[in-house]
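Residue strings, one per chain:
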Amino acid sequence: MNKFKLQTLSGMHDILPDDQKYYQRVQKAIDSVVKYYGFEKIETPILEMAEVFYKGTGVTTDVVGKEMYSFKTKGGDIVALRPEFTPSIARSYIENGMHNLPQPVKLYAVGPCFRYERPQAGRYRQFEQLDLEVLGDSNPSIDGQIIQMSYDILKDLGFKNASIQVNSIGDSECRPYFKKILTSYLKSKKSSLCSDCQRRLKENPLRVLDCKEEKCQVVKAGAPQIVDHLCEACHAHFKQVLEFLDELELPYELNPYLVRGLDYYTKTVFEIIDKDENGISLGSLFGGGRYDGLVKILGGRDTPACGVACGIDRIVSIIRSKDVKTAKVEEPEIFMAQLGQMAKRKSLKLFEEFRKAKIPMAESFSKDSLRAQLRSANKMGAKWVLIFGQKEALENFVTVRDMKTGTQQEIALDKVVEEMKKKLAKK
Ligand code: AMP
């Protein structure tokens, strides 16, 4: 016998009906913030030319170098499942001539991203991201606004210990110089670095600052800090971002080790992490920053931009464990019960009439016993049950049972929609 079991791929998961209320709760928090700040929704294809990410996210990053799902199509194109949104949105900005629109262009997107990472708690191979992007504005107030929006969403969802970590990683003016200083420091400590960092030292020395390995912590502690080596423009920009954060009274911490894993960032980078009561990090919920060079790298004009991405599944798993209040699903107050073949047939039509009148109604057409149907109505908390049996179907009336008092009333079939409307209006 074939023992092969069909199941989800490792690192992927179904979002079941029971999970939906949590996702809807997060979506509600997102909707209210994006609407208020004037962001418009964009949807880009899940599948893109792999080049968009090779050039955009960068081939030396783990996200592209190690984790991207890419393949050759039957037509010979090299394509990739998006590992993140930003390069796709920048590609769309260029392709659709959005630089002709009033600037800045504020966009948001929600959808699945794919990374072939080692699955673990909060780390999936398919995960939902919210992405916010502001293109065409270099002002530090935009960086502040994006951080504020991210924080607002978490606050709305009841996160009390979220901590904002910020840093500046400079730009093409000052970063190459800092990289040199850092590299020469790290080379002198090479034997004390983990094997991954020994490799990173060649490809992307900044990433060593990001390393979580015990071994590298001592080396990191003595490393030069980029904030001390920013050029004048980056220094001024960072100072203003921090002033905005102060003004907004956002609880931020300067984190000189925060470099983020993607190549395109310039100037501000930030993450929002959740902490437990003892201040221990529970992982990153939002990550973002400024990417003033990306649109040009992808073939567009010089366009400053700033954005953030948020892991929705991570947020959902936290709010589920805290049992954050989710919107209660409104249950209909009327339940339709039917008995017998003719009544069942006719009740489908009556059900449709209620739908046209926009009166919510529950039913259980698949159940035949009246008792089972009344039980369902009770469980749902229905106020009235419309009983439609053989006699009712023959004589064209409906028995309306008030579930609270147990009293019953007969109403002509062609009047029942109107009568129920009145009852609903009266209560
Ligand atoms: P990034 O695009 O790497 O900057 O990540 C932005 C946010 O997406 C992170 O803060 C996480 O909340 C979320 N995220 C990133 N990778 C994963 C993953 N593999 N599974 C679930 N969430 C993720």
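Residues numbered from 1 in each chain as written. Predicted model: local features only at pLDDT ≥ 70, side-chain atom pairs only at ≥ 80, totals over all residues. Heavy atoms only, no water.

An unreviewed UniProt entry lists the protein under the name Histidine--tRNA ligase, with Candidatus Staskawiczbacteria bacterium RIFOXYD1_FULL_32_13 given as the organism. Turning to the protein, the UniProt annotation filed under Catalytic activity (unreviewed entry) states: "tRNA(His) + L-histidine + ATP = L-histidyl-tRNA(His) + AMP + diphosphate + H(+)". The UniProt entry for the protein carries this comment under Subcellular location (unreviewed entry): "Cytoplasm". (UniProt positions renumbered as here; feature names shortened; annotations may be inferred.)

## Section: the packing of aromatic side chains
Scanning the entire structure with this criterion turns up six aromatic pairs. Note on Tyr 36 and Tyr 37: the rings are 5.8 Å apart at their centroids and 75 degrees apart in plane angle, and the pair reads as edge-to-face. Every member of this aromatic cluster is reached through a ring pair, and the members are Tyr 69, Phe 114 and Tyr 116. Geometry around Phe 159 places Lys 322 over its ring, the cationic atom sitting 4.3 Å from the centre. (Phe/Tyr/Trp six-rings, centres within 6.5 Å; stacked < 30°, edge-to-face > 60°. Lys NZ or Arg CZ within 6 Å of the ring centre and 35° of its normal.)

## Topic: the domain arrangement of the protein
Here the protein is described as being made up of domain 1 (17–174 + 230–322) and domain 2 (334–426). Here the C-alpha centroids of domain 1 and domain 2 sit 50 Å apart. (Domains from an automatic or database assignment.)

## Concerning the sheet that holds strand 5 (residues 105–114)
Pairing within the open sheet is mixed, and its eight strands lie in the order 1-5-6-11-10-9-7-8. Strands at the two margins of the open sheet, each flanked by one partner only, are strand 1 (40–41) and strand 8 (252–254). Both strand 6 (residues 126–135) and strand 11 (residues 305–311) contribute to a ladder of seven bridges, which runs antiparallel. Across the sheet, Glu 133 pairs through a bridge with Gly 307, a residue of strand 11. (Pairing = 2+ DSSP bridges. Helix = DSSP H or I, 4+ residues; strand = E, 2+ residues; numbered from the N terminus.)

## Quick look at the site of the ligand
Lining the immediate surroundings of the ligand are 15 residues, of which Arg 115, Glu 117, Tyr 124, Arg 260 and Ser 284 lie closest. Separating an oxygen atom of the ligand from a side-chain N or O atom of Arg 115 is a distance of 2.7 Å. Tyr 124 is positioned such that a nitrogen or oxygen atom in its backbone is 2.8 Å from a nitrogen atom of the ligand. Taken by itself the ligand offers 480 Å² of open surface, and the protein chains cover 93% of this. At the level of elements, strand 6, strand 10 (281–290) and strand 11 are the ones that each hand at least two residues to the shell around the ligand. With four residues, the single largest contributor to the shell around the ligand is strand 10. Looking at the shell around the ligand, its residues break down into five nonpolar, five polar and five charged. (Near = heavy atom within 4 Å. Polar contact = N/O pair within 3.5 Å; in protein donor to acceptor, adjacent residues only side chain to side chain. Areas by Shrake-Rupley, 256 points an atom, 1.4 Å probe, with all protein chains shown as cover. Nonpolar A, V, L, I, M, F, W, Y, C, P; charged D, E, K, R; others polar.)

## Some points on a nonpolar patch on the surface
A surface patch of nonpolar side chains, amounting to about 250 Å² of accessible area, comprises Tyr 54, Val 59 and Ile 78. Among the residues examined, Tyr 54 registers a relative accessible area of 30% and is labelled partly exposed. (Patch = residues over 30% accessible without salt bridge, like charges linked within 9 Å, V, L, I, M, F, W, Y side chains within 5 Å. Salt bridge = Lys/Arg side-chain N within 4 Å of Asp/Glu carboxyl O. Buried < 20%, exposed > 50% of the residue type's maximum accessible area, 1.4 Å probe, protein only.)

## Concerning the sheet that holds strand 12 (residues 334–338)
Picture the strands of a sheet paired through backbone hydrogen bonds; they go either parallel or antiparallel. A sheet is described by the order of its strands in space; here five strands give the open sequence 13-12-14-15-16, paired in mixed fashion. Across the chains shown, the open sheet's two edge strands, defined by having one partner strand only, are strand 13 (361–363) and strand 16 (408–412). The average undirected angle you get between the axes of adjacent strands in this sheet is 30 degrees. Pairing of strand 15 (residues 397–402) with strand 16, which is carried by five bridges, proceeds in the antiparallel orientation. (Axes fitted to C-alpha atoms, helices over the stretch in contact; angles between N-to-C directions.)

## Examining the packing of helix 5 (residues 140–156) against helix 9 (residues 232–247)
Between helix 5 and helix 9, the shortest axis-to-axis distance is 8 Å and the interhelical angle comes to 40 degrees. Compared by their axis directions, helix 5 and helix 9 come out oblique. Remark: the crossing between helix 5 and helix 9 carries right-handed chirality. Where helix 5 approaches helix 9, its residues Pro 140, Ser 141, Asp 143, Gly 144 and Ile 147 are matched on the opposing element by His 237, Gln 240, Val 241, Phe 244 and Leu 245. (Parallel < 35°, antiparallel > 145°, perpendicular 65-115°, else oblique. Left-handed = near helix turned anticlockwise from the far one by under 90°. Contact = heavy atoms within 4.5 Å.)

## Section: the nonpolar core
Formed by 87 residues in total, the largest nonpolar core has its most connected members in Leu 130, Phe 286 and Ile 315. With residues near it in sequence (within four places) discarded, Ile 315 still touches Val 26, Leu 154, Leu 157, Phe 159, Leu 285, Phe 286 and Cys 310. Within the second largest apolar cluster, 19 residues are counted, among which are Ile 334, Met 336, Leu 386 and Val 417. (Core = buried A, V, L, I, M, F, W, Y, C linked by side-chain atoms within 4.5 Å.)

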